[in-house]
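Spelled out, the chains give:
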Amino acid sequence: MKNKKLQAVIANTAIGVVSLIAIIPILLIVINAFKTGAESSSMGFALPKTFHFDNFSTVIEKGKLGHSFLNSFAYSGISALFCILFSSMAAFALSRNRSRLNRLLYFFLILGIALPLNYFTLIDVMKWTELMNTRAGIIVLYMVTQIPFSVFILFGFIGGVPKELDEAGVIDGCGPIRLYFSVIFPVLQPAAVTVFILAFLNTWNEFLLPLYYLNSAQKWPMTLAVYNFFGQFQQSWNLVSADIILTILPVLIVYLLGQRFIIAGMTSGSVKG
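Residues numbered from 1 in each chain as written. Predicted model: local features only at pLDDT ≥ 70, side-chain atom pairs only at ≥ 80, totals over all residues. Heavy atoms only, no water.

## Re the overall build of the protein chain
Part 1 of the reasoning: Looking only at helices and strands, the protein chain has 12 helices and 0 strands in total.
Part 2 of the reasoning: Ordered by position from the N terminus, the helices and strands of the protein chain form the series α-α-α-α-α-α-α-α-α-α-α-α.
Part 3 of the reasoning: With the principal axes as the frame, the protein chain shows a C-alpha extent of 70 × 65 × 35 Å.
Part 4 of the reasoning: Per-residue burial over the protein chain gives 36% buried out of 273 residues.
Part 5 of the reasoning: Partitioning the contacts of the protein chain with sequence separation of at least 6, the portion at a separation of at least 24 is 73%.
Part 6 of the reasoning: The protein chain carries 18 positive and 11 negative side-chain charges, and their two centres are separated by 10 Å. (Helix = DSSP H or I, 4+ residues; strand = E, 2+ residues; numbered from the N terminus. Buried < 20%, exposed > 50% of the residue type's maximum accessible area, 1.4 Å probe, protein only. Contact = heavy atoms within 4.5 Å. Lys, Arg positive; Asp, Glu negative; His and termini not counted. Charge placed at Lys NZ, Arg CZ, Asp CG, Glu CD.)

Take a look at the structure:
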């Protein structure tokens, strides 16, 4: 009994320490986002004498974050949707037809989780396909980098879906495509939302891919806009902090909305059950 209590104390202490490590930088940014340039020069935890909300309007105007926000939302949203579509279709085919070839294809796909990208070789591929410095190209890159982990998640989820649903759909006259869209995909909603959230968060925070493959500032997402803004106002830590907050807020909103959707779906599913 004492050992269990000691383990619980150690675990809670470790969780508290990790939480503090994660919260302290965010708290520092939030505090300094409302200060003047002089007050924020030391990047301390002292509260501002007066809260300057106009820092955010300055950031949006001078940093041109409105255009960058639309770019980021389009890149992350479209790539995440295509990622769900192709990953779920691949996971469905590989899970329901477990031949030796499909098993090899599955392991080949999930190797992408661990293998690093070769950015220099990929530059040649992007030039050859004429996708370099294009919005379509960055969407494709975002999508394919998220597919391996998405297939890994959906493969296991589809494995738990009873095959009797497939048989019932075939008896009703469903072909493979109709079976997927009418029977399988509706069951995958909780997993699909999870994949969307993960893909959206990962691509929204992506820095290297747009840095290497987007040469036009008009096509930059918010991550590169923050980098450019930081270079332009490198001593204005209040504006840099406000910029970072505006970059964090959209993914936080998407995460919270996604969690509510998942919980609502699981609750309705349990009630029906």
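## A few points about a nonpolar patch on the surface
Part 1 of the reasoning: Taken together, the side chains of I248, L249, L252, I253, Y255, L256 and L257 define a hydrophobic patch exposed on the protein surface, amounting to about 640 Å² of accessible area.
Part 2 of the reasoning: Considering the arrangement of structural elements, one finds I253 in helix α12 (residues 237-272). (Patch = residues over 30% accessible without salt bridge, like charges linked within 9 Å, V, L, I, M, F, W, Y side chains within 5 Å. Areas by Shrake-Rupley, 256 points an atom, 1.4 Å probe, with all protein chains shown as cover. Salt bridge = Lys/Arg side-chain N within 4 Å of Asp/Glu carboxyl O.)

## Regarding the packing of helix α3 (residues 65-96) against helix α9 (residues 189-204)
Part 1 of the reasoning: Put simply, α3 and α9 touch, their axes get as near as 9 Å, and they point 140 degrees apart. Crossing of α3 over α9 shows right-handed handedness. Across the interface between the two elements, F69, S72, F73, S76, G77, S79, A80, L81, C83 and I84 from α3 touch A192, V195, F196, A199, F200, T203 and W204 from α9.
Part 2 of the reasoning: Looking at side-chain class alone, the contact of α3 with α9 contains 12 nonpolar, 5 polar and no charged residues. (Axes fitted to C-alpha atoms, helices over the stretch in contact; angles between N-to-C directions. Left-handed = near helix turned anticlockwise from the far one by under 90°. Nonpolar A, V, L, I, M, F, W, Y, C, P; charged D, E, K, R; others polar.)

## Examining the pattern of salt bridges
Part 1 of the reasoning: Counted according to the given criterion, the structure contains 1 salt bridge.
Part 2 of the reasoning: Here D166 and R96 are joined by a salt bridge, their closest N and O atoms 2.6 Å apart. Residue D166 is found in helix α7 (residues 163-171), and its partner R96 is found in helix α3; the two are separated by 70 residues along the sequence.
Part 3 of the reasoning: Since its relative accessible area comes to 14%, R96 is described here as buried.

## Thoughts on unusual backbone geometry
Part 1 of the reasoning: Of note, E130 is a non-glycine position whose phi angle comes to about 60 degrees, a positive value.
Part 2 of the reasoning: Within the secondary structure, E130 is located in the loop between α5 (119-128) and α6 (135-159).
Part 3 of the reasoning: Look at N133: it is not a glycine, yet its phi comes out positive at around 60 degrees.
Part 4 of the reasoning: Among the structural elements, N133 can be located in the loop between α5 and α6.

## Section: the packing of aromatic side chains
Part 1 of the reasoning: Under the criterion given, the structure shown has 19 aromatic pairs.
Part 2 of the reasoning: Seen from their ring centres, F73 and F200 are 6.1 Å apart, and the 70 degrees between their planes marks the pair as edge-to-face. Of the two residues, F73 is situated in helix α3 and F200 in helix α9; the sequence distance between them amounts to 127 residues.
Part 3 of the reasoning: For F73, a relative accessible area of 45% puts it in the partly exposed group. (Phe/Tyr/Trp six-rings, centres within 6.5 Å; stacked < 30°, edge-to-face > 60°.)

## Some thoughts on the confidence of the model for the protein chain
Part 1 of the reasoning: Averaged over every residue, the pLDDT of the protein chain is 85; the share at 70 or more is 91%.
Part 2 of the reasoning: When the elements of the protein chain are averaged for pLDDT, helix α11 (residues 222-232) gives the smallest value, 68, and α6 the largest, 93. (pLDDT = per-residue confidence, 0-100.)

## Quick word on the side chain of S76
Part 1 of the reasoning: Checked against the element boundaries, S76 lands in helix α3.
Part 2 of the reasoning: A relative accessible area of 1% means that S76 is categorised as buried.
Part 3 of the reasoning: Separated by 3.3 Å, the side chains of S76 and T203 make a polar contact.
Part 4 of the reasoning: Contact partners of S76, with chain neighbours within four places excluded, come to Y142, F200, T203 and W204. (Polar contact = N/O pair within 3.5 Å; in protein donor to acceptor, adjacent residues only side chain to side chain.)

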